[in-house]
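Overview (structure and organization)
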Amino acid sequence: MDTTDPLAPNYPAPTAMRPLLGLTVLVIEDSRFACEALRLLCLRSGARIRRADTLRAARRHLQVYRPSVAIIDVGLPDGNGADLIRELATSNQRPDVILGTSGDDNSEALVMEAGADGYLGKPVVSLATFQDQILANLPRDRHPAGPRSVPEEIIQPDPIAFRDDMAHVADVMEEDNDTRTLDYIAQFLGGVARSADDNELALATELLPAKRARGDSAASEAATVAGLVQRRLANKIAI
């Protein structure tokens, strides 16, 4: 039974081909590219998806709905996703499954300590990994009956969503380049770059926090990142 809406009817039981049928997944993720991948994964699995791109939007959503699954990015523009994980893990309206996600694998310990049931390292593109992480934390009576083959599909998000993320970063960097903004940009772009297999951008974003950790100015690294972002925005995508 879908716990998202108390007035919602009963949904069909999950099947081997659509093992998450009847579930609603709330994705708290500010990257359009990462969210597009999760949308496709939910679609292939039979789950419905809702999205929030900030902690504030997520909390507003949770006042009205109780999703079956919450997938929460660690680095959000208005705070740390681990704080929301901690809140949900002890809530009376706890989702059946809480998963943390990040482009930085050092965040796995953080989300597990906060009370998450599991962790999805970015890029989240494997249908089998996505389904298995959710099913592993659901009661057996919510699993599809009978044997289920392991899907080999790898999701390919729309490149337009990647360009949307580049536009978002360009807007943020134009508005402010303070230390908190640079930390957010490094985290955000790191996850997007890994998801898109953009090694050049991933390396450039790794240099930002490394320089700041030593207490040095990261102005040149920030300028390099800004240039890479503008180059990607300049690349026209055929629609």
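Calculation criteria
Residues numbered from 1 in each chain as written. Predicted model: local features only at pLDDT ≥ 70, side-chain atom pairs only at ≥ 80, totals over all residues. Heavy atoms only, no water. Phe/Tyr/Trp six-rings, centres within 6.5 Å; stacked < 30°, edge-to-face > 60°. Helix = DSSP H or I, 4+ residues; strand = E, 2+ residues; numbered from the N terminus. Buried < 20%, exposed > 50% of the residue type's maximum accessible area, 1.4 Å probe, protein only. Lys NZ or Arg CZ within 6 Å of the ring centre and 35° of its normal. Salt bridge = Lys/Arg side-chain N within 4 Å of Asp/Glu carboxyl O. Axes fitted to C-alpha atoms, helices over the stretch in contact; angles between N-to-C directions. Parallel < 35°, antiparallel > 145°, perpendicular 65-115°, else oblique. Contact = heavy atoms within 4.5 Å. Nonpolar A, V, L, I, M, F, W, Y, C, P; charged D, E, K, R; others polar.

Right, let's talk about the packing of aromatic side chains for a bit. Per the stated rule, a full pass over the model turns up two aromatic pairs. Measuring from ring centre to ring centre gives 5.8 Å for phenylalanine 33 and phenylalanine 162, while their planes differ by 75°; the resulting arrangement is edge-to-face. Taken together, the positions of phenylalanine 33 in helix H1 (residues 32-45) and phenylalanine 162 in helix H6 (residues 159-175) put the pair 129 residues apart, joining distant regions of the chain. Given a relative accessible area of 7%, phenylalanine 33 falls into the buried group. Between arginine 50 and the ring centre of tyrosine 65, over which it is positioned, the NZ or CZ distance is 4.2 Å.

It is possible for side chains bearing opposite charge to pair when their charged atoms get close. Overall, the coordinates contain 14 salt bridges when judged by the stated rule. Each of the salt bridges in this network shares a partner with another, and the network as a whole consists of Asp198, Glu200, Arg231 and Arg232.

Our next topic: the packing of H1 against helix H5 (residues 127-135). Packed helices, taken two at a time, are described by their axes: the angle between them and the distance between them. Running from amino to carboxyl end, H1 crosses H5 at an angle of 70°, the nearest separation of the two axes being 10 Å. When the axis of H1 is compared with that of H5, the two are roughly perpendicular. Along its contact with H1, which presents Leu38, Leu41, Cys42, Arg44 and Ser45, the element H5 presents Leu127, Phe130 and Gln131. Across the contact of H1 with H5, the residue classes break down as five nonpolar, two polar and one charged.

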